[in-house]
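A structural walkthrough
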Amino acid sequence: MAFEVSEARMHGIRWILTSAWLLIIASLFYDPWTPRFTEADHPWSPLRLSEDCVPVQDFCLSQTPYPLGTTVFWGVVVPAAVLLLLLFGHELWRRICPLSFLSQIPRALGWQRQRTKVNPRTGERRQQLAKVPADSWLARHYPQLQFGWLFVGLCGRILFFNADRLVLAGWLLFTIAAAITVGWLYGGKAWCQYFCPMAPVQSIYSTPAGLLGSKAHLSEKPITQSMCRTVLPDGSEQSACVACQQPCIDIDAERMYWTRLSSREFSFERYAYVGLVVGYFLYYYLYAGTWEYYFSGAWVRQSDQLSMLLRPGLFLFGQSLNVPRLVAVPLVLGLFTWLGVVLGRWIERSSRWGRHEIFVLATFGVFNFFFLFSGRPLLLQFPGWVQSLFDAVVVSVSSLWLYRSWERSSDLHQRENLASRFRRQLEKLDLDVGRYLDGRQLADLSPHEVYVLAKVLPGFTREKRQQVYKEVVREALQEGYANASSSLEVLSQMRREIGISDEEHSLLLESVGVENPDLLDPDGRRSLEDQVRLSGYSKSLERLMLLKSRQADPEVIRSLRNQYSISPDEAASVLEGLAPSTSALQKLEAMLPRFSELRRARLNLLQPQLADQPLLRDLLAESLLQRQDLSVRAMLGVLSELKEQPQALEWAARLQALRPVNLPQLLAEGTWKQQLSAPVYALLLQQPRGGEDQPPACPLANTLSSLEDLLQERTPLLRAAALFLLARLAPNRARLLASGLDAAAAPVPLGEVLQAVSHPTSPVPELHDLPALEMRVHLAASDFFSGTSHASLEQLAAASELRCFAAGELITETGDTCRELLLLIAGRAAVRYQEADGLRLEPLCPGQVLDELEVLSHSASENTIVAEEEGTRLLAVPVAGFDAVLERDPDFARRVLELESRHLQSLMRSLQS
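Let us look at the structure shown here.

Thresholds applied
Throughout this description, residue numbers start from 1 for each chain and increase along the sequence as written. Since the coordinates come from a predicted model, pLDDT governs what is reported: local features require at least 70, and pairs of side-chain atoms require 80 or more to be given and counted, while whole-chain, interface and lining totals use all residues. With hydrogens and water stripped out, all remaining heavy atoms of the structure feed into the side-chain values. Inter-axis angles, ranging from 0 to 180 degrees, are taken between N-to-C directions of lines fitted to C-alpha atoms, where helices are fitted over the stretch in contact. Strands here mean DSSP runs of E at least two residues long; helices mean DSSP runs of H or I at least four residues long; both are numbered from the N terminus. Roughly parallel covers angles under 35 degrees, roughly antiparallel covers those over 145, roughly perpendicular covers 65 to 115, and oblique covers all other angles. Two helices crossing with the near one rotated counterclockwise from the far one by less than a right angle form a left-handed crossing, whereas a clockwise rotation gives a right-handed crossing. Every residue pair with non-hydrogen atoms within 4.5 Å of one another is taken to be in contact. Asp, Glu, Lys and Arg are counted as charged, while Ala, Val, Leu, Ile, Met, Phe, Trp, Tyr, Cys and Pro are counted as nonpolar; the rest, among them Gly, fall into the polar class. In short, DSSP must find at least two bridges between two strands for them to pair. Centre distance within 6.5 Å is the pairing criterion for rings of Phe, Tyr and Trp, where only the six-membered ring of Trp is used; planes under 30 degrees apart are then read as stacked, over 60 as edge-to-face, and the remainder as tilted. For each residue, the accessible area found with a 1.4 Å probe, counting protein chains only, is set against the maximum for its type, and the residue is called buried under 20%, exposed over 50%, and partly exposed in between. Placement of a positive charge over a ring is assigned whenever Lys NZ or Arg CZ falls within 6 Å of the ring centre and within 35 degrees of the normal to the ring plane.

Our focus in this paragraph is the packing of helix α29 (residues 646-657) against helix α32 (residues 678-685). Contact geometry for α29 and α32: axes closest at 9 Å, N-to-C directions at 15 degrees. The angle between the axes of α29 and α32 places the two elements in the roughly parallel class. Seen from above, α29 lies across α32 with right-handed handedness. Contact residues: α29 offers Ala 648, Leu 649, Ala 652, Ala 653, Leu 655 and Gln 656, while α32 offers Pro 679, Val 680, Leu 683 and Leu 684. Here the contact of α29 with α32 is composed, by residue class, of nine nonpolar, one polar and no charged.

Here you go:
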């Protein structure tokens with residue numbers, strides 16, 4: 001692949017191609033040698049002029065020997081560039097393009113423009129490499145600017161510099177000067193990204209990928225495709241990306257394609273180009289009245305172009321129209337460009353194909369149409385077999401490209417992307433996968449095969465599966481591939497493949513947020529391009545510090561920051577990564593306050609004010625306790641990085657002083673004893689003085705504030721519970737908060753609570769007035785369903801119903817077929833056992849499940865259950881709904897099995913005694 005060719009070698013190739021291009025430009029000024037090859041009496045040259053008449057508007061065009069500079073440029077260079085784009089993709093063209101190479105002269109000389117940036121917090125002024133601002137006119141309208149320049153260029157070809165060598169030389173030199181100027185004005189590949197008229201052509205022919213192009217999203221190397229790079233003294237390569245455009249075609253062309261696919265500008269670019277190419281070649285016929293004018297190549301020999309500007313520009317039906325060429329050319333090309341856009345969008349609306357398929361067909365069609373004409377006047381001078389071979393190559397290349405591109409899709413790209421990330425994390429686990437691959441490597445597996453392999457690997461435990469998924473989530477957030485709110489949907493297929501529930505995703509996302517709080521910042525702007533830029537700066541800084549024994553010159557570092565456009569916050573973050581101990585301490589500085597906040601919020605709920613609603617209070621407190629555990633695990637991981645350093649004991653003491661509730665259980669998990677230093681482990685195991693049996697009293701305002709914070713939860717059940725408790729303590733405050741939410745659009749049970757509290761005259765709600773909330777809360781609080789994911793609770797509650805019984809009423813009778821799992825939620829009930837010495841009653845308590853063994857075995861009830869209190873209420877879960885959750889949620893099935901196993905063991909022990 002082109003991106004695998006070393007930068008040093010590519011640099012030499014660029015010098016050769018640039019020198020050849022400059023030689024062609026020089027020949028446009030002075031070339032006394034090549035005209036002899038076009039003389040009519042030349043003995044062997046295929047380019048010698050024919051004495052045949054070339055009719056143009058019913059007149060024979062006079063021809064004289066001519067230099068070959070324009071012929072080579074239009075007949076070889078331009079067609080070769082288009083063929084390379086479809087065959088190898090933009091990644092080869094961008095790395096060898098002479099104009100791109102020349103635009104980087106200011107960067108090579110260190111003469112790029114700098115801008116003064118002021119830190120709003122400190123007022124510090126610093127110089128930073130100038131880039132095109134993301135909110136500028138140029139950043140918003142560069143596709144129109146590039147296409148406009150392409151349109152002007154094609155009009156200029158016909159009118160001014162197809163054959164006029166001096167005008168062509170002037171145009172090319174002007175373009176070179178413009179590229180160098182842009183290279184001084186803006187950092188990165190600003191010329192290629194925002195100005196170059198070839199950029200639309202590159203986008204059309206090389207996306208979603210060239211026929212032999214690489215797939216950047218599957219690459220294991222940090223430098224992909226045609227991204228900016230530099231060669232270090234030791235010969236290795238390093239990224240020089242400054243994130244000048246997002247998304248960037250040089251980093252991942254296919255990612256850019258799928259990102260821009262739905263935009264109106266992207267479709268205009270594609271359809272307008274098709275119309276422009278058709279109009280450009282058709283104009284030669286409309287001007288001359290015959291195709292012989294174009295295919296003879298006479299147009300490249302008319303060096304008197306400027307004198308023809310006001311002559312008739314159209315010849316139709318044997319008559320010349322008195323429309324000057326200066327007007328006719330832009331008129332015809334503009335008309336066909338407009339028709340291309342109109343026709344393309346009409347096909348989009350009326351076709352059963354999607355935009356991607358239409359784009360691929362448009363590219364296939366315009367590529368073959370282009371090569372019916374481009375380079376053809378030169379090709380016709382060669383034998384017929386050469387022409388046939390060339391046509392066969394063009395059709396074969398385009399057909400193979402069509403076949404490969406047609407099967408691509410955004411979903412496939414996403415699956416491959418995630419599978420590649422998953423594969424990288426699997427490799428880090430050092431699992432024994434060789435015996436399952438039959439000689440293949442992990443990199444050879446398809447996305448589906450990677451996930452299947454993960455399921456059958458003996459060493460790939462649930463803990464490791466969660467670890468791998470967590471790192472994939474972290475990568476996706478760091479690169480802007482997903483954010484906190486979209487990650488659930490973006491990673492949904494991957495979760496299904498490896499068996500990660502939505503609940504686990506939320507917990508792992510929370511864990512990532514504990515370790516890197518800025519990753520969950522909704523206002524934080526992250527992208528793959530910025531990640532690449534920071535990576536390049538980090539590696540440059542690390543190398544610089546190693547060379548200077550970690551005491552690099554501040555001026556050199558400042559210059560490096562300017563080069564990569566690094567902000568003070570970014571510089572501090574990168575420096576932390578280069579100093580592991582400093583980074584670990586700073587992580588602890590951020591994590592410990594977050595843990596304190598979670599602990600304080602939980603204690604705020606465990607107050608007497610909420611004692612009348614223990615189920616709802618404990619539900620919310622348990623969710624906060626889960627986050628505390630995640631926070632403690634993250635801090636234990638950081639403490640393990642500090643090893644024997646003195647600061648580790650200090651931070652361990654601070655953590656232990658906060659009395660984490662589950663700290664002993666967490667320390668017993670995994671290999672913390674081996675990972676932590678012995679003094680730290682011993683200190684954490686010590687029991688702090690006092691206990692947490694009686695939470696310290698706090699003002700009501702603190703409890704209300706914690707409940708308001710819980711209204712931001714992603715889970716509807718937790719939000720509904722928080723709003724319900726808030727309404728119990730402060731009805732007016734709850735009503736005010738509920739007024740900003742749409743009850744009709746809110747999910748169950750949140751919508752039910754919103755309706756109950758939003759009306760000004762509504763009384764304070766009771767839990768039994770809200771059946772949807774009540775069912776879910778009792779399911780979550782019962783021992784049988786404790787720990788079940790919110791998604792499974794929702795599925796169970798949706799299939800269940802509430803029932804009320806009078807005192808003495810039968811709930812189930814011996815011999816009845818158990819069609820429902822019954823959960824006692826209020827009142828009293830008893831099981832009647834008929835024994836040899838009489839009737840025995842066993843009382844049942846709220847929260848207890850009835851007949852679960854019979855439900856699991858689909859058998860008949862062996863006992864009679866009777867309500868003992870008026871208004872006894874039960875929740876009935878149908879067997880079909882229960883079985884559906886067992887099949888869908890393996891974690892729930894495992895917990896049910898464990899619970900029933902303990903129940904049977906207890907029963908057996910009681911019988912033995």
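Read from one edge to the other, the open sheet built from four strands follows the order β9-β16-β11-β14, with strand pairing classed as antiparallel. Edge positions in the sheet fall to β9 (801-805) and β14 (849-850), since each has one partner strand and no second. Where strand β11 (residues 820-826) meets β14, two bridges bridge the pair, whose relative direction is antiparallel. Residue pairing across strands places Leu 822 opposite Leu 850, the latter belonging to β14.

Between helix α17 (residues 410-428) and helix α20 (residues 462-478), whose axes approach to 9 Å, the crossing angle comes to 125 degrees. Here α17 lies oblique to α20, going by the angle between them. Where α17 crosses over α20, the two elements pack in a sense that is right-handed. Together, Leu 418, Arg 421, Phe 422, Arg 424 and Gln 425 of α17 and Val 468, Glu 471, Val 472, Glu 475 and Ala 476 of α20 make up the contact between the two elements. Partitioning the contact of α17 with α20 into residue classes produces five nonpolar, one polar and four charged.

Following the criterion strictly, the structure yields 43 aromatic pairs and no others. Each ring, one from Tyr 30 and one from Trp 33, has its centre 5.9 Å from the other, and the planes form 80 degrees; the classification is edge-to-face. Look at Trp 33 and you get exposed, because its relative accessible area is 52%. For the pair Trp 191 and Phe 195, a centre-to-centre distance of 6.3 Å together with 5 degrees between the ring planes defines the contact as stacked. One end of the pair, Trp 191, and the other, Phe 195, are both in helix α8 (residues 190-195), four residues apart, so they sit about a helical turn from each other. Residue placement shows Arg 113 over the ring face of Tyr 186; its charged tip is 5.3 Å from the ring centre. Directly above the ring of Trp 651 sits Arg 654, whose terminal nitrogen or CZ lies 4.1 Å from the centroid.

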